[in-house]
Amino acid sequence: MSTYTNILYQIVFGTKYRKHILTKDARDQLYAYMAGVIRNKNCFVHIINGVEDHVHILIDLHPSVSLSSLVKDIKVSSSLYIKENKLFPEFIGWQRGYGAFTYSTKEKERVINYIKRQEEHHRRKSFYKEYVALLMENKIQFEEKYIFEVQPLQG
């Protein structure tokens, strides 16, 4: 007997201090790289998209892979890739932490369409408001002060 699973995750994380530095011209290259990292972990990528300050990834998680180790691999390897290839000159890293939300197969197309429309969506709603709404929709308790890192004052 084999193992059969259906573990659909939307993973969301932002740039450090929510800096708007993921320029449109290089995002597809970043997303293609991230997709390769995910596939190398035996996970299936449905879509990756985002805007200047954050990324949404919809995957099927392979049962042998832990979510936290996958996200760590995506963030660490993509940070190195961005810096080595000078994709986004002002990139200093990804925010600490991430959001991960599960969905049923019935919701997959809706979530894919939502992720496809990130630019349109963020003309009306900030990443902060979107993220808080995702947390609330998924009934995740949170402390507002820990949602995003604040850039330290330069002095």
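So, a few notes on the structure that sits alongside this text. All figures in this text were calculated on a predicted structure; none of them were measured in a lab. (Residues numbered from 1 in each chain as written. Predicted model: local features only at pLDDT ≥ 70, side-chain atom pairs only at ≥ 80, totals over all residues. Heavy atoms only, no water.)

This part takes up the overall build of the protein. In terms of regular secondary structure, the protein is built from five helices and four strands. The linear arrangement of helices and strands in the protein, starting from the amino end, is β-α-β-β-α-β-α-α-α. The buried share of the protein, taken over its 155 residues, is 45%. Taking the intrachain contacts of the protein between residues at least 6 apart in sequence as the baseline, contacts between residues at least 24 apart amount to 70%. (Helix = DSSP H or I, 4+ residues; strand = E, 2+ residues; numbered from the N terminus. Buried < 20%, exposed > 50% of the residue type's maximum accessible area, 1.4 Å probe, protein only. Contact = heavy atoms within 4.5 Å.)

On to the sheet that holds strand 2 (residues 44–51), then. An order of 2-3-1-4 is seen for the four strands of this open sheet, with the pairing classed as antiparallel. Each edge of the open sheet carries a strand with a single partner, namely strand 2 and strand 4 (99–103). Pairs of neighbouring strands in the sheet enclose a mean axial angle of 15°, with direction left out of account. Judged from the seven bridges that link them, strand 2 and strand 3 (residues 54–60) form a sheet pairing that is antiparallel. Paired with Gly50 across the two strands is Val55, which belongs to strand 3. (Pairing = 2+ DSSP bridges. Axes fitted to C-alpha atoms, helices over the stretch in contact; angles between N-to-C directions.)

What follows concerns unusual backbone geometry. Of note in the backbone geometry, Arg18 takes a positive phi value of approximately 55° without being a glycine. Relative to the elements of secondary structure, Arg18 occurs in the loop between strand 1 (8–14) and helix 1 (24–40). Under the relative-accessibility criterion, Arg18 is labelled partly exposed at 31%. A positive phi is found at Asn42, a non-glycine position, where the angle reads about 65°. Mapping Asn42 onto the fold places it in the loop between helix 1 and strand 2. By relative accessible area, Asn42 is classed as exposed at 53%.

Within the secondary structure layout, Lys129 lies in helix 5 (residues 127–137). Placed 78 residues apart in sequence, Lys129 and Val51 show a C-alpha to C-alpha distance of 14 Å.

This next bit is on helix 5. Taken together, the buried positions of helix 5 are occupied by Phe127, Glu130, Tyr131, Val132, Leu134 and Leu135. Contacts made by the buried residues of helix 5 are with strand 1, strand 3, strand 4, helix 3 (108–116) and helix 4 (118–121). Positive phi shows up at Lys139, right after helix 5, with a value of about 55°.

Counting 30 residues, the largest nonpolar core has Leu30, Met34, Ile38, Ile48, Ile57, Phe88 and Trp94 as its most contacted members. Of all the secondary-structure elements, those providing two or more residues to this core are strand 1, helix 1, strand 2, strand 3 and helix 2 (67–85). Broken down by element, the residue count for this core peaks at seven residues, all from helix 1. If you look at the next biggest cluster of nonpolar residues, it comprises 16 residues, including Val12, Ile47, Ile112 and Leu134. (Core = buried A, V, L, I, M, F, W, Y, C linked by side-chain atoms within 4.5 Å.)

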